[in-house]
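# Analysis of the macromolecular model
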Amino acid sequence: MRESLSGYRKYELKSTSLLDVSTDEDNTESKIEPRNDSSNLKTAKSYLDDGFVFGLEGSGLVRPKGKVAQIVVEGDSLETKPHQVAIVTVTFMNHLFFLLRSIAQLNLINHDNVPLTFVQTIVTIVSSWIFADLGSGVLHWSVDNYGNGRTPIMGGIIAAFQGHHTAPWTITERGFFNNVWKLCIPFGIPTVALISILSGPAHPIVSLFFTVFCTMEILSQEFHKWSHMTTSQLHPFVRTLQKYGVTIDRTPHAKHHLAPFEGNYCIISGICNEPLDKSGFFRRLEKIVYDMNGVESNAW
């Protein structure tokens, strides 16, 4: 998830428009004189500004050099807090319960045919993992390219994703609970419980699919963090997951951080990135959005 640009941090403005160029009649050399108005002063740039430009170019913001972790969202912190631990722990316990219950209901429908239940469970989990990668890409694309900090409901998430490009290393400083707890809200207990209730005991595969889907979406932020860490920082097991494409690898995700930031949006496994980018999937979506409301994508 991208770290947000807020009005609580000041950044250096890079603009020659703040300067007037004049020529002395007695001297052929040009000299630069600052304007005497207040526009010559450094100002705070906020992610709430309607003029916020994703990817820095034209935004008046400057990316800090080196692996600099920055907290730029009001009230945010790298510190893991008790309520974050509680939310994440309860959420995963809930999801585990619904996962096991779905498998038990499926086995009951199969009249205790364990091999059949096993195959169906594996197929459902793999399918959900693939669709979760697709879902992470669509979400990532939408918040990268549309809206800003003023957007209702999603403003904070949009600012965080877009601002991640100014301080990408910040995510590596976050502990697990601090990193994923916010995603427990949209993909947490209410969502999984509602889907399981609506699907009912007669359709346990539906409950199983969306339980895994929501779990993957929550974990996507941790997979994302791993893709920004150096090899020496990663546990050997994590490096193995990345090597075999179970989670997004460092090299594929690095492509997303190249201007104009128009592809490689999927951050769970990245398995959907190539087909989506080669097919022009997101460009077609952007055209549909533009035809509907005239809003251009930030990637254009």
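Analysis parameters
Residues numbered from 1 in each chain as written. Predicted model: local features only at pLDDT ≥ 70, side-chain atom pairs only at ≥ 80, totals over all residues. Heavy atoms only, no water. Phe/Tyr/Trp six-rings, centres within 6.5 Å; stacked < 30°, edge-to-face > 60°. Helix = DSSP H or I, 4+ residues; strand = E, 2+ residues; numbered from the N terminus. Buried < 20%, exposed > 50% of the residue type's maximum accessible area, 1.4 Å probe, protein only. 1 Å grid on protein atoms, 1.4 Å probe; cavity = no way out; pocket = protein on both sides within 12 Å on 5 of 7 lines; lining within 4 Å. Points joined across faces, edges and corners; volume = space filled by probe spheres on them. Nonpolar A, V, L, I, M, F, W, Y, C, P; charged D, E, K, R; others polar. Expected span 1.5 Å × (residues − 1). Contact = heavy atoms within 4.5 Å. Salt bridge = Lys/Arg side-chain N within 4 Å of Asp/Glu carboxyl O.

What follows is about the packing of aromatic side chains. This structure, assessed with the given rule, holds twelve aromatic pairs. Between the aromatic rings of tyrosine 265 and phenylalanine 282, the centroid separation amounts to 5.0 Å while the plane-to-plane angle is 75 degrees, which identifies the pairing as edge-to-face. Placement of the pair is tyrosine 265 in the loop between α8 (250-254) and α9 (273-279) and phenylalanine 282 in helix α10 (residues 281-293), with a sequence separation of 17 residues. This pair shows no difference in class: tyrosine 265 is buried, exactly as phenylalanine 282 is. Feature note: the residues Trp141, Tyr146, Tyr265, Phe281 and Phe282 constitute an aromatic cluster, connected by ring pairs.

Right, let's get into empty space enclosed by the protein. Gaps left between atoms show up when a probe the size of a water molecule is rolled over them. Within this structure, the stated rule accounts for one cavity of 30 Å³ or more. Size it by volume and the largest cavity reaches roughly 70 Å³. Lining the largest cavity are eleven residues, and of these Leu139, Phe161, Leu183, Ser220 and Ile267 lie nearest its centre. Broken down by secondary-structure element, the contributors of at least two residues to the lining of the largest cavity are α2 (114-145) and α6 (204-226). By residue class, the composition of the lining of the largest cavity is six nonpolar, four polar and one charged.

Once that is clear, we can look at helix α1 (residues 82-109). For α1, spanning 28 residues, the distance from its first C-alpha to its last is 41 Å, which sits close to the expected 40 Å at 1.5 Å a residue. Listing the buried residues of α1 in full gives Gln84, Val88, Thr91, Asn94, His95, Phe98, Ser102, Gln105, Leu106 and Asn107. Summarising the contacts, the buried residues of α1 are in contact with α2, α4 (176-180), α5 (189-199) and α6. Taken from the residues just after α1, histidine 111 is the one with a positive phi, measuring 55 degrees.

Within the secondary structure, glutamate 79 is located in the loop between β2 (30-34) and α1. Along the chain, glutamate 79 and arginine 174 lie 95 residues apart, while their C-alpha atoms are 7.4 Å from each other. Among residues more than four places away in sequence, those in contact with glutamate 79 are Gln84 and Asn178.

This brings us to the pattern of salt bridges. Applying the stated criterion across every chain yields a total of four salt bridges. A salt bridge links glutamate 274 to lysine 278; the nearest nitrogen and oxygen atoms lie 2.8 Å apart. Linking glutamate 274 with lysine 278, this pair stays in helix α9, spanning four residues, or about one helical turn. Residue glutamate 286 pairs with arginine 283 through a salt bridge whose shortest N-O separation is 2.7 Å. Of this pair, glutamate 286 and arginine 283 are both found in helix α10, three residues apart, which corresponds to roughly one turn of the helix. You can call glutamate 286 buried: its relative accessible area is 0%.

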